[in-house]
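Spelled out, the chains give:
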Amino acid sequence: TEGKPLPVWLSFCLEIEPGHHQHPRLLSGDSLISAVQALSESGHLDLDNRIEAILVNCCDIRVVALALEELRVALAATNKQHVIRTGAYPNAFSVPPPGAANHTLRHFDSNITPDRLKTRAVEWMALGADIVGGCCGVGPEHIEALAKLRHNDDCNDDARAEKKELSSSA
């Protein structure tokens, strides 16, 4: 409707070196936690600004869980963990090692099957994500598998119970 502010979903594109257990970083090199802190300090997380969700996208599937954990910590520090939704939509591409001759090429990772993405999404939901999807290389069959999570009450109940447990222990 005219004059009504639209909700905003903010998404950060992440990078990480494959095989390393490091903190996810934005393409600018900034940490995810510092990005959320900057949003909070500038007032962008206030209700008037309509940021309803913070997501991570276009990233390696292996970095999502750590990124969601960092989002949870960062949002808890701003007292917005129960107000702002979180989620992820990663790539289904492999990431070549830095300095490799083909370091700019991305190849479809056939190991990221629809079932594997769905399994990971259940893990992400347990970490608080309630928006899941896919970016580069994720096809209709992957999205179809994710859509089944909406209709799988056992899966949703398990994810909600784990999310509640994580919230109460924080």
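Residues numbered from 1 in each chain as written. Predicted model: local features only at pLDDT ≥ 70, side-chain atom pairs only at ≥ 80, totals over all residues. Heavy atoms only, no water.

When helices and strands are tallied, the chain shows five helices and seven strands. Helices and strands in the chain line up, N terminus first, as β-β-α-β-α-β-β-β-α-β-α-α. A total of 170 residues make up the chain; the buried ones form 36% of that total. In the chain, the proportion of contacts linking residues at least 24 apart, taken out of those at least 6 apart, comes to 71%. (Helix = DSSP H or I, 4+ residues; strand = E, 2+ residues; numbered from the N terminus. Buried < 20%, exposed > 50% of the residue type's maximum accessible area, 1.4 Å probe, protein only. Contact = heavy atoms within 4.5 Å.)

This part takes up unusual backbone geometry. Phi is positive for Cys58, close to 50°, though the residue is something other than glycine. Relative to the assigned elements, Cys58 resides in the loop between strand E3 (51-57) and helix H2 (64-77). A positive phi angle, close to 60°, is found at Asn79, a residue other than glycine. Take Asn79: it is sitting in the loop between H2 and strand E4 (85-89).

To continue, consider the pairing of strand E1 (residues 8-15). By the bridge criterion, six bridges tie E1 to E3 in an arrangement that is parallel. Counterpart to Trp9 in the pairing with E3 is Ala53. As defined by bridge partners, E1 adjoins strand E2 (residues 25-26) across two bridges and the pair is classed as antiparallel. Each residue of the ladder has a partner; that of Glu15, found in E2, is Arg25. (Pairing = 2+ DSSP bridges.)

With 14 residues, H2 should cover 20 Å at 1.5 Å per step; its first-to-last C-alpha distance of 20 Å lies within 8% of that length. By the burial criterion, the buried members of H2 are Val64, Ala67, Leu68, Glu70, Leu71, Ala74 and Leu75. All buried residues of H2 project into a common sector of 160° when viewed along the axis, lining one side. Tucked into the core, H2 has its buried residues touching E1, helix H1 (32-41), E3, E4, helix H3 (114-126) and strand E7 (129-132). (Expected span 1.5 Å × (residues − 1). Arc of directions from axis to C-beta.)

One way to put it is that H1 packs onto H2 with a least axis distance of 9 Å and a crossing angle of 30°. In this structure, the crossing between H1 and H2 has a hand that is right-handed. Across the interface between the two elements, Leu32, Ile33 and Val36 of H1 pack against Ala67, Glu70, Leu71, Ala74 and Leu75 of H2. Class assignment of the residues belonging to the contact of H1 with H2 gives a composition of seven nonpolar, no polar and one charged. (Axes fitted to C-alpha atoms, helices over the stretch in contact; angles between N-to-C directions. Left-handed = near helix turned anticlockwise from the far one by under 90°. Nonpolar A, V, L, I, M, F, W, Y, C, P; charged D, E, K, R; others polar.)

If you trace the backbone, Asp60 turns up in the loop between E3 and H2. Residue Asp60 is classed as buried on the basis of its relative accessible area, which comes to 9%. Only 2.6 Å separates the side chain of Asp60 from the side chain of Arg62, close enough to count as a polar contact. (Polar contact = N/O pair within 3.5 Å; in protein donor to acceptor, adjacent residues only side chain to side chain.)

With respect to the helices and strands, the residue Ser11 is situated in strand E1. For Ser11, a relative accessible area of 25% gives the class partly exposed. What Ser11 contacts, discounting residues up to four positions off in sequence, is Leu55, Val56, Asn57 and Tyr89. In terms of polar contacts, Ser11 uses its side chain to reach the side chain of Tyr89, at 3.4 Å.

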